[in-house]
Amino acid sequence: MKNDRRDKNKHFFHFVCYFMCNKGKQNGGEHMEVIKTKELVKQYKNITAVDKLLLNMKQGELFSLLGVNGAGKTTTIKMLTCLTKPTSGDAFVGGYSITKEPEQVKRLIGVSPQETAVAPNLSVEENLELICGIHGFSKEKTKKKIEELSEQFDLGTVLKRKAGKLSGGWQRRVSIAMSLISEPKILFLDEPTLGLDVIARHDLWEVIRSLKGKISIILTTHYMEEAEALSDRIGIMKEGRLLAVGTVDELKGKAGCDDFEATFVSIVKEGV
């Protein structure tokens, strides 16, 4: 139990540090392509986690990176959010280089990491207040923002409860709400429903659907039905490489399959 608590506190500490680096006015312009990578590579000793990734994401779309564990999805997210530096190549997020202009990139984005990033010993309301404080919000703006997020994410019944006592689904919901406090232009959701039961997963899908069209979203998942249900376009990854990109129907057509699971298996196994 003590180790679990330390792990949760460690994840939250990293999350808060990220927000502190991210605070400040967002001043990026509008771009038709909000993300564009140029032969992005990440190597760990002799392992290539991401291999010459070429990817573009359009403004306002929900783009999913789909792949089995170890495909390179989370490493890609960490590079695009400036949490780790690429070995070579570059990417432009909101028009800014992740290698040359990381601070500008951080002002444009929100991140809900794979590890639920809430302070377990604080209430939901206190978690939201903390992030508002990091961004320098006044008491009036903090109150208004919490009321707005509480309504948007249906948090009214849990605002006063300790975040660590909530179910995994509720903690993920709070984590996403926290990532939206700075009103980012691009939201990164890394495996948002990992480990959730089927009901909690579908509830969170509705939360994510409610954000579509209001903000650009890049989501990583290894759940095929999640990518199919939520995405405008999907990029299928394997061993650090992007094998195919398209809408669900375009990918089905590419693989010659009517079923998306069969499509995914065909592309991953046969490199169709």
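The structure we're discussing is the one just above.
None of these values were measured; they are calculated from a predicted model.

Asker: Now, about the pattern of salt bridges: what can you tell me, with residues and values included?
Answerer: Any two side chains of opposite charge can pair, so long as their charged atoms come close to each other. Within this structure, the stated rule accounts for 12 salt bridges. For Glu 206, the salt bridge goes to Arg 209, with nearest N and O atoms at 2.5 Å. Pair noted here: Glu 206 and Arg 209 are both in helix H7 (residues 198-211), with a separation of three residues, about one helical turn. Residue class for Glu 206 comes out partly exposed when judged on its relative accessible area of 47%. A relative accessible area of 32% means that Arg 209 is categorised as partly exposed. Bridged by salt links that share partners, the residues Lys 145, Glu 148 and Glu 183 form one connected network.

Asker: Please set out the sheet that holds strand S7 (residues 109-112) residue by residue, giving values where relevant.
Answerer: Here six strands make up an open sheet; going across it, the order is S7-S8-S9-S4-S10-S11 and the pairing mixed. Edge strands, defined here as strands with exactly one partner in the open sheet, are S7 and strand S11 (241-246). Along the sheet, successive strands turn relative to each other by an average axial angle of 15 degrees, direction set aside. Here five bridges tie strand S8 (residues 186-190) to strand S9 (residues 216-221), and the two strands are oriented parallel to one another. Following the sheet pairing, Leu 187 is matched in S9 by Ile 217. Its contacts with the sheet put helix H2 (residues 73-80) on strand S4 (62-66), S8, S9 and strand S10 (233-238), and the angle it makes with S9 is roughly 150 degrees. Each of S10 and S11 touches helix H9 (residues 248-255); the most contacted strand, S11, lies at about 115 degrees to it.

Asker: Summarise the nonpolar core; cite the residues concerned and give the values.
Answerer: Ranked by size, the top nonpolar core spans 35 residues in total, and within it Val 124, Leu 128, Phe 153, Leu 155, Ile 176, Leu 180 and Leu 187 carry the most contacts. When contributions to this core are tallied by element, the ones reaching two or more residues are helix H4 (124-134), helix H5 (139-152), helix H6 (168-179), S8, H7 and S9. By residue number, the principal contributor to this core is H7, which donates six residues. Among all residues touching Val 124, those that are not within four sequence positions of it are Leu 155, Val 158, Leu 159, Arg 161, Ala 163, Leu 166 and Val 174. Grouped together as the second largest cluster of nonpolar side chains are 26 residues, Met 79, Leu 108, Ile 109 and Phe 188 included.

Asker: Which residues make up the pairing of S11, and what values do they have?
Answerer: Here S10 pairs with S11 via five bridges, running antiparallel. Of the residues in S11, the one forming a bridge with Ile 236 is Ala 244. Where S10 hands over to S11, the hairpin turn is made up of two residues, of which Glu 239 adopts a positive phi near 50 degrees.

Asker: Before we move on, can you summarise the packing of H6 against H7 with the specific residues and values?
Answerer: Between H6 and H7, the shortest axis-to-axis distance is 9 Å and the interhelical angle comes to 15 degrees. As judged from the angle between their axes, H6 and H7 are roughly parallel. Every pair of crossing elements has a handedness; the one defined by H6 and H7 is right-handed. Contacts from Gly 169, Arg 172, Arg 173 and Ile 176 in H6 reach Ala 200, Asp 203, Leu 204, Val 207 and Leu 211 in H7. Of the residues assigned to the contact of H6 with H7, the class counts are five nonpolar, one polar and three charged.

Asker: Kindly report on the packing of aromatic side chains, identifying the contributing residues and their values.
Answerer: Applying the stated criterion across every chain yields a total of zero aromatic pairs. Taking NZ or CZ as reference, Lys 141 lies 4.2 Å from the ring centre of Phe 137, over its face. If you follow Arg 201 out to its NZ or CZ, it ends over the ring of Tyr 223, 3.9 Å from the centre.

Asker: Break down the packing of H4 against H5 for me, citing the residues and quoting the values.
Answerer: Interhelical geometry of H4 versus H5 gives an angle of 130 degrees and a closest axis separation of 10 Å. Taken together, H4 and H5 sit at an angle that is classed as oblique. For H4 against H5, the interelement crossing comes out right-handed. Contact residues: Glu 125, Leu 128, Glu 129 and Cys 132 in H4; Thr 142, Lys 145, Ile 146 and Leu 149 in H5.

Asker: So what's going on with the environment of Ala 229? Which residues, and what values?
Answerer: The residue Ala 229 is located in helix H8 (residues 224-230) in this model. In the structure, Ala 229 is positioned 27 residues away from His 202 in sequence and 10.0 Å away in space, judged by C-alpha atoms.

Thresholds applied
- For every chain, the first residue of its written sequence is number 1, and the numbers climb from 1 along that sequence.
- Owing to the predicted nature of the model, reporting of local features is limited to residues with pLDDT of at least 70; listing and counting of side-chain atom pairs is limited to 80 or more, with chain, interface and lining totals taken over all residues.
- To get the side-chain values, take all heavy atoms of the structure and skip hydrogens and water.
- When a carboxyl oxygen of Asp or Glu lies within 4 Å of a side-chain nitrogen of Lys or Arg, that pair is called a salt bridge.
- Per the convention used, a helix needs a DSSP run of H or I reaching at least four residues, while a strand needs a run of E reaching at least two, with both numbered from the N terminus.
- Relative accessible area decides the class of each residue, using a 1.4 Å probe on protein chains only: under 20% of the type maximum gives buried, over 50% gives exposed, and in between gives partly exposed.
- Between any two strands, at least two bridges found by DSSP are needed for them to pair.
- What counts as an axis is a line fitted to C-alpha atoms, over the stretch in contact for a helix, and the angles between N-to-C directions run from 0 to 180 degrees.
- Contact criterion: two residues are considered in contact whenever any of their non-hydrogen atoms come within 4.5 Å of each other.
- The nonpolar core is taken to be a set of buried Ala, Val, Leu, Ile, Met, Phe, Trp, Tyr and Cys residues, with the residues joined through side-chain atoms within 4.5 Å.
- Geometric relationships in this document are graded by angle, where less than 35 degrees denotes roughly parallel, more than 145 denotes roughly antiparallel, 65 to 115 denotes roughly perpendicular, and other angles denote oblique.
- For any pair of crossing helices, the crossing counts as left-handed if the nearer helix is rotated counterclockwise from the farther one by less than a right angle, and right-handed if it is rotated clockwise.
- Ten residues, namely Ala, Val, Leu, Ile, Met, Phe, Trp, Tyr, Cys and Pro, are considered nonpolar, four, namely Asp, Glu, Lys and Arg, are considered charged, and the remaining ones, Gly among them, are considered polar.
- Aromatic rings from Phe, Tyr and Trp, with only the six-membered ring used for Trp, were paired whenever their centres fell within 6.5 Å, and each pair was classed as stacked if the ring planes differed by under 30 degrees, edge-to-face if by over 60, and tilted otherwise.
- Remark: a charge is flagged as sitting over a ring if the NZ atom of Lys or the CZ atom of Arg is within 6 Å of the ring centre and within 35 degrees of the ring normal.

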